[in-house]
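Below, each chain spelled out in residue letters.
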Amino acid sequence: MTKSILAAECGSTTTTAVLIEQVDGTYTLRATGQAPSTYAAPWEDITIGVQEAIRHIEKHIGRPLLAPAGWPITPQNAQQGVDAFVTISSAGEPLRVVVTGLIQNISLASALGAAAKTYTQVTKVVSLDGTQSQEGRVQAIQEGRPEVILLVGGTDGGAELPVIELAQVISMTIRLLRDGELPTVVYAGNTKLRTDMADILGPVLPLRSVKNIRPRLDVEDLTEAQLELEQLYLQKKMTKLPGFEKLSNWSKYSVMPVSQSFEKLIAYLGQHNDLNVIGLSLGSRSTTISAQIRGEQPTSITRSDAGVGHSLASLLELVPIEKFHRWLPFDLSPEELYNQLLNKSLHPATIPMTDEDLMIEQAVAREALKLVVQSLVKSPNPQWNLMIGTGRLLTGSPQAAQAALVMIDGIEPCGITSLALDKNGLVNMLGAIAIVEPMAAVKIAAQEAFLNLGTVVAPAGHGTPGKPALTVKIALGEDEIEEREVLYGSIELIDLPLGKKATLEVRPTRHFDVGLGQPGRGAVAEVEGGLLGIIIDARGRPLRLAKDDLERQEQLQHWLSGLGISYATSESDDQQQ
Amino acid sequence: MQLPKVTINSNSPISIRRLLPVPGEVLVQTGQKVEALTVIGRAEMPSRYRVIDVARPLGQVQLDMAEIIQVAEGDYVEANTVVAAAKGNVPFLQRSVRTPVAGYIAAIGPGWILLETERAEVEVQAFINGVVTRVLGNQGVIIEAEGAMIEAACGFGGEAFGRLKRVVNSPFDVVEPGTLDESASETIILGGRTIDEEMLREAEAWHVRGIIVGSIPASLLELEPPTKVRVVATEGFGDVAMSPYIFGILTSLSRRDVSIRGQSLHQAGKPKGYINQDGPIILATGVPRGSSGSYSVTSPSTKSTGKAEAGIGSRVRVIQGKMLGVTGTIESIPLEPQATPAGIISPGTYVKFNNDLLYIPWVNLEQVI
């Protein structure tokens, strides 16, 4: 049995290490350590950051974990080392993918879904159903500078000639690429054409044929294409990180992409507890949202163009500046906001110095989450029982309520949802730890991984501002009962400390639905307390922000104060002076 | 503590790599002295293609291309040239496929020919006065020199070379409309704090080659029509004053030739064909030295990779928030991480800025070398 596990996560900006050990027969988190990630200049060796993070742990526990030559000592003996070392990584650039297919809404939509499973950047989409000329398609593939071309189209036994035509376009273009490594074509189209693909593409570039992602018009099968793209990400990007080979040699376990590890954890939590769980991983280079809905397969989307630091410039191209701007409770022109966000993209590892800087980053996080969740969850938004947040922007929030509000605003959960944060920066690693020792991951997930923020109660619908949206009655026991009427447009806290349980009775007014599919129908639920207690979010769903700047700023200030979030702006500083 | 390094130095060894966008002809030799405007190489870049469908006009699905094709890859063909021909169903009647326009045969595949219809000649200049220390085959050269080097934050327009003309008195000033006259023509102007579109258009009207400022509003990146003036900003986007330290170095370079590159690295990841990956920079080289071979080949295209650690007394620069670009020196390093005014606890250092002593997280600093 593995009694001690050292795990490390190499992120785009930060490297975190954790030590999990069995103490008195129970797995427990002994220590954590953090250091800047070092795959880029001036270090250009990913292992330096890992060693630095591990040294923090060594100092804490007073036991050497690293050999004099720098690698983790395995297995553990009486005085030093650990039984197992495992690493996950999200550092480095995403895989550049050009997606080619026949029809935008069918095979191409599936292909984009497959690409969103791992760290990819879709640089061009080439289809036959648009107005693009053959020359235009050649040019588009060239401009996409693909490392991988995902070729899809044709149901099994369906279209043939158009798919062959696309393959020929790719074959033409490949001959024009003059520099760098040849892209790999992943063929996930009409199975009957595999031999044709081998004939047309095989002689000019590496070709991998996988199961058709759309074997029938009404059937989607992304599994093999996703797996292939994950493998190619590992092979073409992750293994190319400076120092990666050294890092791989430190352990018998393969380095796992963070998104994969995170998805495993969310799936486990959902399946084991029979809950609808959504996990939000906000990274500098990418944002991953994983979900496990009862009775369904786990799903996950990673958007490498929706990170909050390194890929902020891409996010700014996708999301109009006004959308970020609408979340600021203070006066700042959209132009100035845009300038500040571009500066952040020049220096993505920086952290906010002032409350205004912090609120700008949180505005970005809200929109990044909105963008990704739209791709993951089809309307209507399922009722999430548990929402988990990780990533420095959330877990490093000076006030827990700030993180909670970012998660709520980003996802807009309806009904009754528990909120939790990655307490020790190890949530992403649990999926990988489970491969080494499942019991260790289970114990840590159950006891030490999460900071329970509390429960949010959020009815869907809209009412009249100033009029009641719902009445809540919370019973801590027979004698301790609190009843409160909450007005539409507000968000409030009811104190319920960590570890306490209570019975919550919710009676919405006739315009509001607390997740039962019937407006006005009340519900009773057992809820757990948390750091914040119970959040009654009566702002309605979908959230409506006032159009007028001043009115909206007041609205946001009202919401912040509803959750007890204090902040200072340069205006308030000026007034104090 | 190791920090990202930024070179802001009035006398630094400079080594730059000048690459052709595609392999071509290098026109200089190792040891040769070059000037900034010397063309070091040229190449032809394909810029437009036509696909010629061979299968359909010949009425054949299964084609033996070797049998029907009458040109080879790389051939130049005039318009209306027969590129493929096959016997038809009627004896003695031959079907043929002709080029719609002139061009080069770029590729031949099963059933098609790709015709390259336009090529653009691209020349690459030396960018700085210096000595060619290495020829990189048919791809480019390495040029070395010594002089001032300032790694900037962002910019646009590309490269320019010219005499530096200071038109403001302090790094906090902005160039006012009406300040420029004919003497600014063909120069690179040192413009202080920032610049707006009106001033940029005025500079363009006076044929100013380039402008160095502290910051640029992001709106200038999308100007329509685009300006011919190259702009480089030392600090970032917005309205941020130039660092007095940088302004001092640049002032000392007045009336000397400088090379600037206006480019924003945050956009470099965009796939727009052949991208110059090099970052924004300001260079002013001295008298070219002989090929000593003593320089390390560090391209200023990326942040310098020197590994000296930052410690007490090191010069650092803030790269975040309202203090963006402000330089100071490390005064003390606390053992425990402290909180920023926003409440975020992060390891950092106390930095002396003129009369102020402030705690700055390490991640918000870069070391000036």
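Residues numbered from 1 in each chain as written. Chains lettered and ligands numbered in written order. Predicted model: local features only at pLDDT ≥ 70, side-chain atom pairs only at ≥ 80, totals over all residues.

A short note on the sheet that holds strand β1 (residues 5-6) of chain B
Residues and elements named next belong to chain B.
Then, in step 1: As summarised here, the arrangement of the 6 strands in space is β1-β26-β20-β21-β24-β25, forming an open sheet in which the pairing is mixed. Where the open sheet ends on each side, the last strands, each with one partner, are β1 and β25 (356-361).
Then, in step 2: Of the strand pairs in this sheet, strand β24 (residues 348-353) and β25 are connected by 6 bridges, and their pairing is antiparallel. Bridged to Gly 348 within β25 is Pro 361. (Pairing = 2+ DSSP bridges. Helix = DSSP H or I, 4+ residues; strand = E, 2+ residues; numbered from the N terminus.)

Side note on the nonpolar core
The nonpolar side chains of a soluble globular protein tend to be buried, and buried together.
Then, in step 1: A:Leu150, A:Ala404, A:Leu430 and A:Ile433 are the most contacted members of the largest nonpolar core, which totals 283 residues.
Then, in step 2: Leave out the neighbours within four places in its chain, and A:Leu150 touches A:Val97, A:Val99, A:Ala111, A:Ala114, A:Ala115, A:Val186, A:Ala188 and A:Ala225. (Core = buried A, V, L, I, M, F, W, Y, C linked by C-beta atoms within 7 Å. Buried ≥ 20, exposed ≤ 12 C-beta atoms within 10 Å, placed from the backbone. Contact = placed C-beta atoms within 7 Å.)

Structural notes on helix α12 (residues 355-376) of chain A
Then, in step 1: Here α12(A) is 22 residues long and its end C-alpha atoms lie 31 Å apart, about the 32 Å a rise of 1.5 Å per residue gives.
Then, in step 2: Most of α12(A) is tucked away, with 17 of its 22 residues classed as buried. (Expected span 1.5 Å × (residues − 1).)

Considering the interface of chain A and chain B
Then, in step 1: On the side of chain B, 46 residues touch chain A, which itself brings 41 residues to the contact.
Then, in step 2: Contributing elements (two or more residues each) for the side of chain A that touches chain B: α3 (134-143), α4 (161-174), α11 (334-346) and α12 of chain A.
Then, in step 3: When residues in the side of chain A that touches chain B are grouped by element, the largest group, 9 residues, is from α11(A).

As for the domain arrangement of chain A
Then, in step 1: Domain annotation for chain A reports domain 1 (4-92 + 241-254), domain 2 (95-236) and domain 3 (258-562).
Then, in step 2: Secondary-structure elements contributing two or more residues to the side of domain 1 of chain A that touches domain 3 of chain A are β1 (4-10), β2 (14-23), β3 (26-36) and β4 (84-89) of chain A. (Domains from an automatic or database assignment.)

Details of unusual backbone geometry
Then, in step 1: Cis geometry marks the peptide bond from A:Thr74 to A:Pro75, where omega comes out at -5°.
Then, in step 2: In this structure, A:Pro75 sits in the loop between α1 (46-61) and β4.
Then, in step 3: Cis peptide bonds are those with omega within 30 degrees of zero, and the linkage from B:Glu224 to B:Pro225 qualifies with 0°.
Then, in step 4: You can see B:Pro225 is positioned in the loop between β16 (210-216) and β17 (230-237).
Then, in step 5: The phi dihedral of A:Glu44 falls on the positive side, at around 55°, and the residue is not glycine.
Then, in step 6: Residue placement: A:Glu44 occurs in the loop between β3 and α1.
Then, in step 7: Positive phi is not limited to glycine here, since B:Arg255 has a value of about 70°.
Then, in step 8: Relative to the assigned elements, B:Arg255 resides in the loop between α4 (244-252) and β18 (257-262).

Considering the packing of α12(A) against helix α14 (residues 400-411) of chain A
Residue and element names in this part refer to chain A.
Then, in step 1: Between α12 and α14, whose axes approach to 8 Å, the crossing angle comes to 35°. Note on packing geometry: the crossing formed by α12 with α14 is right-handed. Within the contact between the two elements, α12 uses Gln 362, Ala 365, Arg 366, Leu 369, Lys 370 and Val 373 and α14 uses Gln 402, Val 406, Asp 409, Gly 410 and Ile 411.
Then, in step 2: Residues that form the contact of α12 with α14 fall into these classes: 5 nonpolar, 3 polar and 3 charged. (Axes fitted to C-alpha atoms, helices over the stretch in contact; angles between N-to-C directions. Left-handed = near helix turned anticlockwise from the far one by under 90°. Nonpolar A, V, L, I, M, F, W, Y, C, P; charged D, E, K, R; others polar.)

A word on α4(B)
Residues and elements named next belong to chain B.
Then, in step 1: Those residues of α4 not exposed but buried are Ile 246, Phe 247, Ile 249 and Leu 250. Summarising the axial view, the buried residues of α4 lie within an arc of 160°, below the 170-degree limit, and thus occupy one face. Seen from the buried face of α4, the exposed residues on the opposite side, beyond 90 degrees, are Gly 248 and Ser 252.
Then, in step 2: For α4, the elements touching its buried residues are β2 (8-19), β12 (140-151), β14 (158-166), β15 (187-190), β16 and β17. (Arc of directions from axis to C-beta.)

Digging into the environment of A:Leu177
Then, in step 1: You can see A:Leu177 is positioned in the loop between α4 and β8 (184-187).
Then, in step 2: It is 9.8 Å that separates the C-alpha atoms of A:Leu177 and A:Ile141, two residues lying 36 residues apart in sequence.

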